[in-house]
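One-letter residues, chain by chain:
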2 protein chains.
Amino acid sequence: MLKNDGFRSMDRQECLRLLAKVPVGRVVYTRHALPAVLPVNFSLDTDSSVLLRTSAGSDLVRAVDGVVVAFEADEFDAGSRSGWSVVVTGRATAVTDPDEHERLLRTGPSSWMPIQQDVFIRIEAEMVTGRELTDLRVTG
Amino acid sequence: MLKNDGFRSMDRQECLRLLAKVPVGRVVYTRHALPAVLPVNFSLDTDSSVLLRTSAGSDLVRAVDGVVVAFEADEFDAGSRSGWSVVVTGRATAVTDPDEHERLLRTGPSSWMPIQQDVFIRIEAEMVTGRELTDLRVTG
């Protein structure tokens, strides 16, 4: 990430630990050749990949299946001007294996939206980066 | 945005009103041919463009100056599974006009990060879309 802005970089384990704490992140991809971003609730699988749950016919599945996407989550506090952000970058794929689908129906994320014909999207945690911003008015 | 997921679309004015309420959003762009996303604090200018403040030599300026980017902000509540998100899509440009720069030093966003040689980035609000998710367990 940016090297010259006073953030502290976090390692993969620290990033994944923070990621597991928040319910909503944002899928970042390209749509009609434009940058696109969609907030979604998610969970982490046992291999640390990001799991989303959506409808089989959704625009999101069409846009990201088989494509490298970024997934971002963060928490910031305006009062203390501090917080963190984590970005997972990796290939997104719709889960097609029936056993895997069955497992995720039990253990994967529920959706905050009404869903027609559940599809799980897995984003591989190929690259995980994160940054922490502490209150610079105190420490910096 | 997605049409089949139970969200309510919001009009431009409603989107901008919500955007003005939150201090942090996320710039979405492409970096080394990969989707990239960076949370930043921001403010809205009088023409509703999104204003960011960063360092002249930052990776962000190099990556987005002259390029169409997306800028996203949202607020979600996990307890009620409700919230909203707004996406501004438009060209990002580093402000080079000295009078404009001077005006933004007075009226633009401050930065939460230490800055060397301030640069303001303006994201034109060419396309503004937004969605609201209400608690579907109650209303749906």
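Quick note: structure is the one above.
Bear in mind the structure is a predicted one, so any value in this text is a computation, not a measurement.

Visitor: How should the pattern of salt bridges be read in this particular structure?
Guide: Opposite charge on two side chains permits pairing when their charged atoms draw close. All names here are of chain B. If you walk through the whole model with that rule in mind, you get 28 salt bridges over all chains. In this structure, Glu72 engages Arg26 in a salt bridge whose closest nitrogen and oxygen atoms are separated by 2.9 Å. Of this pair, Glu72 sits in strand E6 (residues 67–77) while Arg26 sits in strand E2 (residues 24–31); the two residues are 46 residues apart in sequence, bridging distant segments of the chain. Taken as a pair, Glu72 and Arg26 share a single burial class, namely buried. The partner of Arg31 in a salt bridge is Asp59, and the shortest N-O contact between them spans 3.4 Å.

Visitor: Which parts of the structure should I look at to understand the side chain of Ser85 of chain A?
Guide: Tracing the chain through its elements places Ser85 of chain A in strand E7 (residues 82–94). Beyond its immediate sequence surroundings of up to four residues, Ser85 of chain A is in contact with Met10, Glu72, Ala73, Asp74, Phe76, Thr129, Gly130 and Arg131 of chain A together with Pro39 of chain B.

Visitor: Explain the packing of aromatic side chains here, please?
Guide: Aromatic rings considered in pairs are described by the distance between their centres and by the relative angle of their planes. Across all of its chains, the model carries 4 aromatic pairs over all chains by this definition. Here the aromatic rings of Phe76 of chain A and Trp112 of chain B are separated by 6.3 Å at their centres, their planes lie at 65 degrees, and the arrangement is edge-to-face. Here Phe76 of chain A, found in strand E6 (residues 67–77), pairs with Trp112 of chain B, found in the loop between helix H3 (98–107) and strand E8 (118–123), and the two come from separate chains. Assessed through its relative accessible area of 23%, Phe76 of chain A is described here as partly exposed. Each ring, one from Phe42 of chain B and one from Phe71 of chain B, has its centre 4.8 Å from the other, and the planes form 65 degrees; the classification is edge-to-face. Linking Phe42 of chain B in the loop between strand E3 (34–41) and strand E4 (43–44) with Phe71 of chain B in strand E6, this pair joins segments that are 29 residues apart in sequence. Here Phe42 of chain B and Phe71 of chain B have matching classes, each one buried. Against the face of Phe7 of chain A rests Arg131 of chain A, its NZ or CZ located 3.5 Å from the ring centre.

Visitor: Can you help me understand the pairing of E6 of chain B in this one?
Guide: Regular strands show a simple pattern: their side chains alternate between the two faces of the sheet. Residues and elements named next belong to chain B. Pairing between E2 and E6: 3 bridges, direction antiparallel. Paired with Arg26 across the bridge in E6 is Glu72. Linking E6 to strand E7 (residues 82–94), which pair antiparallel, is a turn of 4 residues; within it Arg81 sits at a positive phi near 50 degrees.

Visitor: Would you explain the relation of the copies chain B and chain A in this entry?
Guide: Related by rotation about an axis and a shift along that axis, the two copies of the chain form a pair. Placing chain B over chain A gives an RMSD of 0.0 Å and needs a rotation angle of 180 degrees, together with 0.0 Å of translation along the axis. The superposition operator between the copies reduces to a two-fold rotation axis. Ranked by how close their C-alpha atoms come to the rotation axis, the residues of chain B are headed by Val28 of chain B, at 3.5 Å.

Visitor: How do you make sense of the interface of chain B and chain A when you look at a structure like this?
Guide: Interfaces are often described in size by the accessible area the parts lose on coming together. Each side of the interface is counted separately: chain B has 42 residues, and chain A has 42 residues. Between chain B and chain A the total buried area reaches about 3,600 Å² when both faces are included, carbon and sulfur atoms providing 69% of it. Summed over the shared surface of chain B and chain A, the number is 4 salt bridges. One can count 6 residue pairs in polar contact (both at pLDDT 80 or more) joining chain B with chain A. At the level of elements, E2, E3, helix H2 (59–64), E6, E7 and strand E9 (127–133) of chain B are the ones that each hand at least two residues to the side of chain B that touches chain A.

Visitor: Please explain the environment of Ser49 of chain A as it appears in this structure.
Guide: Residue and element names in this part refer to chain A. Mapped onto the fold, Ser49 is located in the loop between strand E4 (43–44) and strand E5 (50–55). Residues contacting Ser49, with those up to four places away along its chain left out, are Ser43, Leu44, Arg122, Ile123, Glu124 and Ala125. A distance of 2.6 Å separates a polar atom in the side chain of Ser49 from a polar atom in the side chain of Arg122.

Visitor: Quick question: what am I supposed to make of the environment of Leu34 of chain B here?
Guide: Tracing the sequence through the fold places Leu34 of chain B in strand E3. In this structure Leu34 of chain B comes out as partly exposed when scored by relative accessible area, which is 33%. Spatially, the C-alpha atom of Leu34 of chain B lies 34 Å from that of Ser80 of chain B, the residues being 46 residues apart in sequence. Apart from the residues lying within four places of it in its own chain, the contact partners of Leu34 of chain B are Val68 and Thr89 of chain A together with Tyr29 of chain B.

Visitor: Hey, could you run me through unusual backbone geometry in this one?
Guide: Working note: non-glycine residues mostly have negative phi, and peptide bonds are mostly trans. Residue and element names in this part refer to chain B. A positive phi angle, close to 50 degrees, is found at His32, a residue other than glycine. Note on placement: His32 falls in the loop between E2 and E3. The exposed category is assigned to His32, whose relative accessible area is 71%. Positive phi values are uncommon outside glycine, yet Arg81 reaches one of about 50 degrees. By the secondary structure assignment, Arg81 is in the loop between E6 and E7. Since its relative accessible area comes to 22%, Arg81 is described here as partly exposed.

Rules behind the numbers
Residues numbered from 1 in each chain as written. Chains lettered and ligands numbered in written order. Predicted model: local features only at pLDDT ≥ 70, side-chain atom pairs only at ≥ 80, totals over all residues. Heavy atoms only, no water. Salt bridge = Lys/Arg side-chain N within 4 Å of Asp/Glu carboxyl O. Helix = DSSP H or I, 4+ residues; strand = E, 2+ residues; numbered from the N terminus. Buried < 20%, exposed > 50% of the residue type's maximum accessible area, 1.4 Å probe, protein only. Contact = heavy atoms within 4.5 Å. Phe/Tyr/Trp six-rings, centres within 6.5 Å; stacked < 30°, edge-to-face > 60°. Lys NZ or Arg CZ within 6 Å of the ring centre and 35° of its normal. Pairing = 2+ DSSP bridges. Least-squares fit on C-alpha atoms with pLDDT ≥ 70 in both. Buried area = accessible area lost by both parts, 1.4 Å probe. Polar contact = N/O pair within 3.5 Å; in protein donor to acceptor, adjacent residues only side chain to side chain.

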